[in-house]
Amino acid sequence: MATGAAHDVKTTCPYCGVGCGVIATVTPDGSVSVSGDPEHPANFGRLCSKGSALAETIDLDGRLLRPHIDGRPADWDEALDLVAARFASTIAEHGPDSVAFYVSGQLLTEDYYVANKLMKGFIGSANIDTNSRLCMASSVAGHRRAFGTDTVPGNYEDLELADLIVLVGSNLAWCHPVLYQRIAAEKERRPSLKIVVIDPRRTMTADIADMHLAISPDGDVALFGGLLSWIANTGALNYSYISNFTTGAAQALRFGAQDLRAVSRKCGIAPSQLIEFYSLFTRTERTVTVYSQGVNQSETGTDKVNAIINCHLATGRIGKPGASPFSVTGQPNAMGGREVGGMANMLAAHMDIENETHRARVQRFWQAPTVATRPGRKAVEMFEAIGQGHIKAVWIAGTNPVDSMPEADRVRAALAACPFVVVSDVLADTDTTRVAHVLLPAAAWGEKDGTVTNSERRISRQRPFLPLPGSARPDWDIMADVARRMGFAEGFSYTTAAEVFAEHAALSAFENDGERDFDIGAHAGIDAVGYEALAPFQWPQRRGAVTGTERFFAAGGFFTPEGKGRFVAPREARAGTGPLARLPAQEPTDQGFILNTGRVRDHWHTMTRTGKSPRLSQHMAEPFVEIHPDDAVQSGIAEASLVRLSKGPAQAIARALITNRQRRGSVFVPMHWNDRFASNARIDALVDAVTDPVSGQPALKQARASLASFNAAAYGFAVVARKPADIPADYWAIARCTGGWRLELAFGQAKDDWHAFALRLFGGGEHVDILAYNDVGAGRYRIAAFDGAALLGALFIAPQPVGVARGWLVEQLATSHDLQRQRLAVLATRPSAGQSDKGAIVCSCFGVGSNEIAAAIASGCRTVKAVGDATQAGTNCGSCRAEIKGIIDAKHLQAAE
Ligand SMILES: Nc1nc2c(c(=O)[nH]1)N[C@H]1C(S)=C(S)[C@@H](COP(=O)(O)OP(=O)(O)OC[C@H]3O[C@@H](n4cnc5c(=O)[nH]c(N)nc54)[C@H](O)[C@@H]3O)O[C@H]1N2
Ligand SMILES: Nc1nc2c(c(=O)[nH]1)N[C@H]1C(S)=C(S)[C@@H](COP(=O)(O)OP(=O)(O)OC[C@H]3O[C@@H](n4cnc5c(=O)[nH]c(N)nc54)[C@H](O)[C@@H]3O)O[C@H]1N2
Ligand code: SF4
Ligand SMILES: [Mo]
C-alpha cells in the first residue's frame, strides 16, 4: 500500500440495496475514513447514518481469522479437505439432494456465481437457497408471473420525475435512507409532488407523506384490487396499452369489481380516504409505486406484488420516465444473487430450471458433468429437511439463520442435530457460528473484491482498501477451492474475481438473441485492468452496447412466451372462491396480537457490524415493542416497563414503547436483537414459518404473539468500561458506547447483595475506589467504581424503570474524574454546572440528543434547518431529519394544547 500520502479507493456501501458509492480514504498510518462518492449515480455523494459510520465497523475485534474444526483452530488444507470429503461422501451415500448451501444477498456476485455453479452444475442438486427467500422472493415471483422474467422496469431517477410516489410496506426513511433523501429533496423543491405511505404503522417515512393509509395487516391485495376497479370504473384504463401489450385484464378486473365499502372493510381504510387515494392515483400519470417487505413478507406476498403491477399495466404506467412499479431490494446484492440464479428455483443468468433448453444451454456453457433438473428446497423447506435428516451436510455463508429465519429455535435445533455444518462468516461468534462443525474465515467489506447490483439494476464494484487479515479468504475463492478438492478442477480454476465476473458476463450473453433480459455481454471479455476500472453501469448492456437500456416495457417487449405482460388475479379469484374469500389478517385479540417485525434506522439485521459502532448503537439501545396506548392499558403494560411476548414455548422480552403510531391489535418488534446483545430477544423464535404458496417467502410481518407485563422486582441501568463476561440478570440488553458499554437490566427478584453484583459486572480489581448509596427501604441502590480518574462502571437500581440521564452517564466513561466532586456527580447522575444530559441520541453523526433539540426548539427554532443551524443535528447524512421534524411537530402540538 502506498506510503506517504492518503489514498482514495472507490467502492460500494455493503448495507442496503440503494447501493451508494463510497470513497474510502486510507491514511499512511492505516486509519480509514469514508465519504459519499459524488460521482456515483445512486447517491451523488450522499450517505446515510450507517454508511457514514462504516469506518467504525472495520476493526478486527471479534473477527474470525483462522479456520476452525470443532472449536479448535485448523489450517486451510485440513479444513477444506474435510469439507470436500464430507460433502463428497454424503453425496456418494445419499445422493446430491442430501447436501445444501444456504447463502446470502450480502455475498458478492462472484461469490454467488461460484456457489450456484458448484451446486447446480457439478453437485447436480438445486439445494442452494438464500436469505433473499426471506426478502425478495415474492417480488421475483410476481415479476416472473407478470413480465415472464425478473425485471425491475424503472430507475431511481423516476422518483424525481414522478408526480406521485406511493410507498407500500416500505419504511424508506430508515431502510433506504438515501432514496428517501432524494425524494425529500425533490418534495422540497417541488411541493406538488405527492407522497402516499401505505403501512399499518405510522413510520418516520409517513412524516413527509401527504397521506398515510394505516392499512390493516395484509389488506394490500384488497386495496389494490379496489384501485383496479376504480381505474376501470372511472374510465382511466389505458386501452391501447392493455390490448397491444398485455393479457389477462378481464379476469383481474372481475376480481377487482367490488364495492368500496367491501374494500374498506377488508383493508381497514375509510371509504373517503380510499376515494382520495384512488382519485389521486387515477389522475396522476407519473406515478411510481415503491414496495418492500410489507408487501413481500406475507402469505399473500406474490399476489400483493401482482395486484400493484396490475394497476400499472392497466394504466400503461410502466418503464416510463416517472411512471413504474418499483420493488426496492433490501440487501446490497439481492439483485446480483437473482442474476446468477442463486435461488433454489432459478438457474443462472435469468434462465429457468424447469426449461430443458435452458438447462442444456447452461450445462454446455459450464461444460458441467450434470445440471439440476428440478427446483431445490426453498429456505423454510431446507431447514425442515435438515431437521428431518434428509439434508445431512449444509454450508451457510454470509447469513445468520439461527436469528433471522422464522421458527428460529427449530432452525437452531435442526442445525445442532445436523451431522455436518459449515459456516463461512467474518465473525467468530454469532448465534449461527455456535452450531458449526467447521468455521471458515471470510474476507469482509473493505478486504474483498467484486461486484454488487443495486435496486435499479446498477452494477458497481466493491474494491478492497484493507489487507486480508489473518488467513481470511474471499468467499468465491473458498468455494472454488472446495470444488477443486471435490474433483471439479476444470470448472473452478479461477484465480481472481475478475475471471469469475468475465465468465458470468459471458453466460448472460451466451445464445441470447434478446430472449433474456439479463445480458451484460459487453463485459464478457473483461480483463483485470478493465475490471479494476469498471465504472457503475446498468444492465442490460449487450455486446457492442455503450450504455445500458434504461427502462423496460414502456412499449411492451415482455419476456413471456407470447411477448405480453400478464395481469394476474389473486389466488382467491383464480381458485374460484370469489373475491377474498379468506379475509386478510384482522386484529382479533383471542389469537393474540399481530406481531409485525422489521428494522430500525441505525442497525443492520443481526447487528454483527452496526453493533460495533458506538454511534449507531445509541439511537435504539435495546429491543422494544411498539404498542398502541389502548392495547397497553388493556394488557396492563406501563410506558418503559418490560413486556414478555410469547408464542407457544418461545418467549422474548422487550421494552414497552407506547405510541399511537401503532395500530390497535398489532405490535411491532425490531428483528435485530439476538443472544449477543440481549438476554431474550430473538424475535424470529416466535414467528411461525407460514409461507406464500407461490414464492415460498415467509410471512414475517404477520406472526402472532401474546403480551404480558414482565413483572420485575428491580430494574437497572449500568455503564461499564469493559464488557462483562456474564450478566446474571433476568433481562439484559447491552450496547456499545464510546469508552465501553451500556446495559439495561431487570430482575424478577431483587438481589440481596447489589454490591457484589456490581463488582462482578464491572470486573473490578483491587484498587478500585467505590462510591455507593443504598436506600434499602425504597429499593434503590447506586454505585460507581473508579480506577484512578477513569470510571470503571456505574450501576443504578430502582423498583421502577430507572430514570437517569443515560446520555450523560454514557459520556462519563470517556471523561476523566479527577475530583471527588465529579465522582459524586456520577453517583448522583447530576450533570455538574456547564454540563447537561443530551437525552436519547437522535443525530448519530454529531451525537445530538433529543433534549438538545428540544432546547433549540424552545429557543425559537421552528424548522429542521433552524434546528440544524443551532445544533448541527441532521446536517450531515440527514437520516434523522424526519425525527427532528417529529420533535418539532410534537412541541407545537403541546404548545397548542
Ligand atoms: N436501517 C436498516 N436498513 C435496512 C436494513 C436493516 O437491517 N436496517 N435491511 C435491508 C433489507 S435486507 C431490507 S429487506 C430492507 C427492508 O426495508 P423495509 O421493507 O422498508 O423495512 P421493514 O421494516 O422490514 O418493513 C417495512 C414496513 O412494512 C410494514 N408492514 C407490515 N405489514 C404490512 C402490511 O400488511 N402491509 C403493508 N402495506 N405494510 C406492512 C411495517 O410496518 C414496516 O414499517 O431494508 C434494508 N435496509
Ligand atoms: N422477523 C423477521 N425476520 C427477518 C426479517 C424481518 O423483517 N422480520 N427480514 C428478513 C430479511 S429481508 C433478511 S435480508 C434477513 C437478514 O438476515 P441475515 O442474513 O441472517 O442477517 P445478517 O446479520 O445480515 O447476517 C449476515 C452474516 O454474514 C456475515 N458476513 C458479513 N460479511 C460477510 C462476507 O463477506 N462473507 C461472509 N461469508 N459472511 C459475511 C455477518 O457477520 C453475519 O453473520 O432477515 C430476514 N429475517
Ligand atoms: S442508503 Fe445508507 S445503507 Fe443504503 S447503501 Fe446508501 S449509505 Fe449504505
Ligand atoms: Mo432483506
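Because the structure is a prediction, the values reported are computed rather than measured.

**Points about the confidence of the model for the chain**
- On average, residues of the chain score 93 in pLDDT, and 96% of them reach the 70 mark or higher.
- Between residues 577-584, whose pLDDT stays under 50, and residues either more than four places distant or in other chains, the model counts 20 contacts.

**Focus: the packing of aromatic side chains**
- A full pass over the atoms with the stated rule returns 30 aromatic pairs.
- Each ring, one from Y156 and one from F326, has its centre 6.1 Å from the other, and the planes form 20°; the classification is stacked. Separated by 170 residues along the polypeptide, Y156 in the loop between α4 (137-147) and α5 (157-161) and F326 in strand β13 (residues 324-327) bring together distant segments of the chain.
- For Y156, a relative accessible area of 0% gives the class buried.
- When the ring of W230 is compared with that of Y278, the centres are 5.9 Å apart and the planes differ by 50°; the resulting orientation is tilted. Separated by 48 residues along the polypeptide, W230 in helix α8 (residues 220-233) and Y278 in helix α12 (residues 271-283) bring together distant segments of the chain.
- Residue classification places Y278 among the buried positions, given a relative accessible area of 0%.

**Here's the deal with the domain arrangement of the chain**
- What the domain assignment lists for the chain is domain 1 (7-57), domain 2 (68-134 + 333-538), domain 3 (137-327), domain 4 (587-709), domain 5 (714-828) and domain 6 (841-896).
- Domain 1 and domain 3 are separated by 32 Å when their C-alpha centres are compared.
- Carbon and sulfur atoms supply 62% of the area that domain 1 and domain 3 bury against each other, a total of about 810 Å² over both sides.
- The tally of links between domain 1 and domain 3 comes to zero salt bridges.
- Counting the contacts that link domain 1 with domain 3 gives four residue pairs in polar contact (both at pLDDT 80 or more).

**Some remarks on the nonpolar core**
- Among the nonpolar cores identified, the biggest contains 192 residues, and F87, F101, I198, L223, F277 and W395 are the most heavily contacted of them.
- Here this core takes eight residues from helix α3 (residues 109-123), the largest share from any one element.
- Setting aside chain neighbours within four positions, we find F101 in contact with F87, A115, L118, M119, I123, N127, I128, D129, M382, W395 and M479.
- In this structure, L134, V669, L700 and A703 belong to the second largest nonpolar core, which totals 46 residues.

**Comments concerning unusual backbone geometry**
- The residue after W539, namely P540, is reached through a cis peptide bond having omega 5°.
- For P540, the position within the fold is in the loop between β19 (537-538) and β20 (565-566).
- Its identity is not glycine, yet F553 carries a phi of approximately 80°, on the positive side.
- Summarising the element assignment, F553 is placed in the loop between β19 and β20.

**A look at the site of ligand 2**
- By nearness alone, 28 residues border ligand 2, and Q106, S404, D425, T606 and D684 come closest of all.
- N400 places a main-chain nitrogen or oxygen 2.8 Å from an oxygen atom of ligand 2.
- When the free accessible area of ligand 2 is taken as 930 Å², the share hidden by the protein chains comes to 98%.
- Of the residues in the shell around ligand 2, the class split is eight nonpolar, 14 polar and six charged.
- Each of two domains, domain 2 (68-134 + 333-538) and domain 4 (587-709), supplies a minimum of three residues to the shell around ligand 2.

**Observations regarding the pairing of strand β22 (residues 624-627)**
- Residue alternation in β22 divides its side chains into two sets, F624 and E626 and V625 and I627, and both sets are buried.
- One ladder, built from four bridges, connects β22 with strand β24 (residues 650-658); its direction is parallel. By the bridge assignment, F624 is partnered in β24 with R655.

**Focus: the side chain of T149**
- Following the sequence through the fold, T149 ends up in the loop between α4 and α5.
- For T149, the side chain forms a polar contact with the side chain of D517, separated by 3.2 Å.
- Once residues within four sequence positions are removed from consideration, T149 is found in contact with H143, R144, H350, D517 and F559.

**Remarks on the UniProt feature "domain: 4Fe-4S Mo/W bis-MGD-type" (unreviewed entry) in the chain**
- Mapped onto this numbering, the UniProt entry annotates "domain: 4Fe-4S Mo/W bis-MGD-type" (unreviewed entry) at residues 6-62.
- Taken end to end, residues 6-62 comprises 7% helix and 30% strand; its first and last C-alpha atoms sit 27 Å apart.

What counts, and at which threshold
- Residues numbered from 1 in each chain as written.
- Chains lettered and ligands numbered in written order.
- Predicted model: local features only at pLDDT ≥ 70, side-chain atom pairs only at ≥ 80, totals over all residues.
- Heavy atoms only, no water.
- pLDDT = per-residue confidence, 0-100.
- Contact = heavy atoms within 4.5 Å.
- Phe/Tyr/Trp six-rings, centres within 6.5 Å; stacked < 30°, edge-to-face > 60°.
- Helix = DSSP H or I, 4+ residues; strand = E, 2+ residues; numbered from the N terminus.
- Buried < 20%, exposed > 50% of the residue type's maximum accessible area, 1.4 Å probe, protein only.
- Domains from an automatic or database assignment.
- Buried area = accessible area lost by both parts, 1.4 Å probe.
- Salt bridge = Lys/Arg side-chain N within 4 Å of Asp/Glu carboxyl O.
- Polar contact = N/O pair within 3.5 Å; in protein donor to acceptor, adjacent residues only side chain to side chain.
- Core = buried A, V, L, I, M, F, W, Y, C linked by side-chain atoms within 4.5 Å.
- Near = heavy atom within 4 Å.
- Areas by Shrake-Rupley, 256 points an atom, 1.4 Å probe, with all protein chains shown as cover.
- Nonpolar A, V, L, I, M, F, W, Y, C, P; charged D, E, K, R; others polar.
- Pairing = 2+ DSSP bridges.
- UniProt positions renumbered as here; feature names shortened; annotations may be inferred.

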